[in-house]
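# Summary of the model geometry
Residue strings, one per chain:
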Amino acid sequence: MIFEDERYRQFGARCVFFDRESGVSNPPFDSLNVSYTVGDLALNVEKNLEIVKKQLNVSTIAMLNQIHSDNIIEYNGEVVDADGFFTDKKGVFLSIKFADCCPVIFMDVKNKIIASVHSGWKGAYLKISQKMLEKLYSLGSKSEDIIVTLGPHICENCYEVKDDVANLFDQKFIKFKDGKKFLSLSSSIIESLVEKGINMNNIVDLKICTYESKDFFSYRRDKLTGRNIGGVFLLDY
Ligand SMILES: [Zn+2]
């Protein structure tokens, strides 16, 4: 199944997130796993990517070698170590692999530039979403022309963190429950966006928790599991 932020359509783009169904991988990677590095058969991953490609009718699925960094690149056809990329090329699905981390999608609706970011707690701590905004601003984007989407990720009720992580964040992003600490990834990311001039009205959080929904891969829940795919592309018509 595909979860979509419909706002992008009017601007000639689509922002979509696939759940784990409709692929060919066997347990524990059942079934639409898109990661080559979790132990799944490469042939099945290839087949899954073909399924995604057909469903979206895109020419290319662009991927990053995600390393929980704040590296951002302009998409150039290569798979590089980074956690954010952008492009103005049509038909290129700027995809993020996720299983609890948050895919953050951007579009400058005026200049037709799209961008995707992978952000777990490390990305949030490094403020990679803010860095993506700075990159877009440097290209001439204006804050009022940018829409942002937070895709499925582990929610603040499920994302338990230890002190070493909790202490890195402003305590307003930490919830306490039964003597445990929980991080609100979305609040932290959203605040970093608002800090850099994005209007709250232009930010949508799909509010799907990968840990709670069995339809999504969740690393926290299942450990040995697959990765979901989501992202954004410009329609070529
Ligand atoms: Zn949750």
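Residues numbered from 1 in each chain as written. Predicted model: local features only at pLDDT ≥ 70, side-chain atom pairs only at ≥ 80, totals over all residues. Heavy atoms only, no water.

Short version of the rule: UniProt positions are given in the numbering used here, feature names are shortened, and annotations may be inferred rather than shown by experiment.
With an unreviewed UniProt entry as reference, the protein chain is termed Purine nucleoside phosphorylase, source organism Desulfurella multipotens. Checking UniProt for the protein chain, the heading Sequence similarities (unreviewed entry) contains the comment "Belongs to the purine nucleoside phosphorylase YfiH/LACC1 family."

### Structural notes on the packing of aromatic side chains
Here is the rule: Pairing of aromatic side chains here covers Phe, Tyr and the six-membered ring of Trp, requires ring centres within 6.5 Å, and sorts the geometry by plane angle: under 30 degrees stacked, over 60 edge-to-face, intermediate tilted. Strands are runs of DSSP state E lasting at least two residues, helices are runs of H or I lasting at least four, and both sets are numbered from the N terminus onward. Accessibility here uses a 1.4 Å probe with only protein chains present; expressed as a share of the type maximum, an area under 20% marks a residue as buried, one over 50% as exposed, and anything in between as partly exposed. Working rule: Lys NZ or Arg CZ, within 6 Å of ring centre, within 35 degrees of ring normal, means a charge sits over the ring.
Summed over the entire model, instances satisfying the criterion amount to four aromatic pairs. Pairing phenylalanine 3 with phenylalanine 216 gives two aromatic rings, centres 5.6 Å apart and planes at 40°, and the pair type is tilted. Here phenylalanine 216 lies in the loop between strand E13 (203–205) and helix H6 (219–222) and phenylalanine 3 lies in strand E1 (residues 2–5), a separation of 213 residues in the sequence. Exposure remark for phenylalanine 3: the relative accessible area of 22% places this residue in the partly exposed category. For the pair phenylalanine 17 and phenylalanine 98, a centre-to-centre distance of 6.3 Å together with 80° between the ring planes defines the contact as edge-to-face. Pair noted here: phenylalanine 17 is in strand E2 (residues 13–18) and phenylalanine 98 is in strand E6 (residues 92–98), with a separation of 81 residues, a long-range link. Phenylalanine 98 sits in the buried class, given a relative accessible area of 1%. Positioned above the aromatic ring of phenylalanine 182, the side-chain terminus of lysine 177 is 4.5 Å from the ring centre. When the ring centre of tyrosine 219 is taken as origin, the NZ or CZ atom of lysine 223, which lies over that ring, is 5.3 Å away.

### Structural notes on the sheet that holds E6
Test applied: Each pair of strands is called paired provided DSSP finds at least two bridges between the two strands. Each axis is a line fitted through C-alpha atoms, taken for helices only over the stretch in contact, and angles between the N-to-C directions span 0 to 180 degrees. Any two residues whose heavy atoms approach within 4.5 Å are treated as being in contact.
In spatial order, the strands read E1-E2-E14-E6-E3; together these five strands make up an open sheet with mixed pairing. This sheet does not close on itself; its edge strands, each paired only once, are E1 and strand E3 (60–62). Sheet twist, expressed as the mean angle between neighbouring strand axes with direction ignored, is 25°. With five bridges connecting them, E2 and strand E14 (residues 228–234) associate as antiparallel partners. Each residue of the ladder has a partner; that of alanine 13, found in E14, is leucine 234. Packing against the sheet, helix H1 (residues 42–56) makes contact with E1, E2, E3, E6 and E14, and its axis sits at approximately 145° to E2.

### Re the coordination of the zinc ion
For clarity, the threshold we go by: Metal-coordinating donors are taken as N, O and S atoms lying within 2.8 Å of the metal, or within 3.2 Å when the metal is Na, K or Ca; because water is left out, some sites can appear incomplete. Every angle between 85 and 135 degrees makes a four-donor site tetrahedral, while opposite donors more than 155 degrees apart, with all other angles between 65 and 115, make a four-donor site square planar and a six-donor site octahedral; other sites are irregular.
For the zinc ion, the full set of protein donor atoms is Cys155 (SG), Cys158 (SG), Cys209 (SG) and Glu212 (OE), and the range of their distances to it is 1.9 to 2.3 Å. Coordination at the zinc ion is tetrahedral: its four donor atoms span angles of 95 to 116° at the metal. Expressed as a motif, the donor residue spacing for the zinc ion is C-x2-C-x50-C-x2-E. With cysteine 155 in the loop between strand E9 (146–150) and strand E10 (160–161) and cysteine 209 in the loop between E13 and H6, this residue pair connects regions lying 54 residues apart in the sequence. Accessibility expressed as a relative area gives 17% for cysteine 155, which makes it buried.

### Examining the environment of asparagine 199
Stated precisely, the cut-off is as follows: The term polar contact refers here to a pair of N or O atoms within 3.5 Å; inside protein, the definition further demands a hydrogen-donor-capable atom paired with an acceptor-capable atom, and it admits residues adjacent in sequence only when both atoms are side-chain atoms.
Mapped onto the fold, asparagine 199 is located in the loop between helix H5 (185–195) and E13. Relative accessible area serves as the criterion here: at 41%, asparagine 199 is assigned to the partly exposed category. For the pair formed by asparagine 199 and aspartate 236, sequence separation is 37 residues and the distance between their alpha carbons is 28 Å. Reaching out from asparagine 199, the side chain makes a polar contact with the backbone nitrogen of asparagine 201 at a distance of 2.8 Å.

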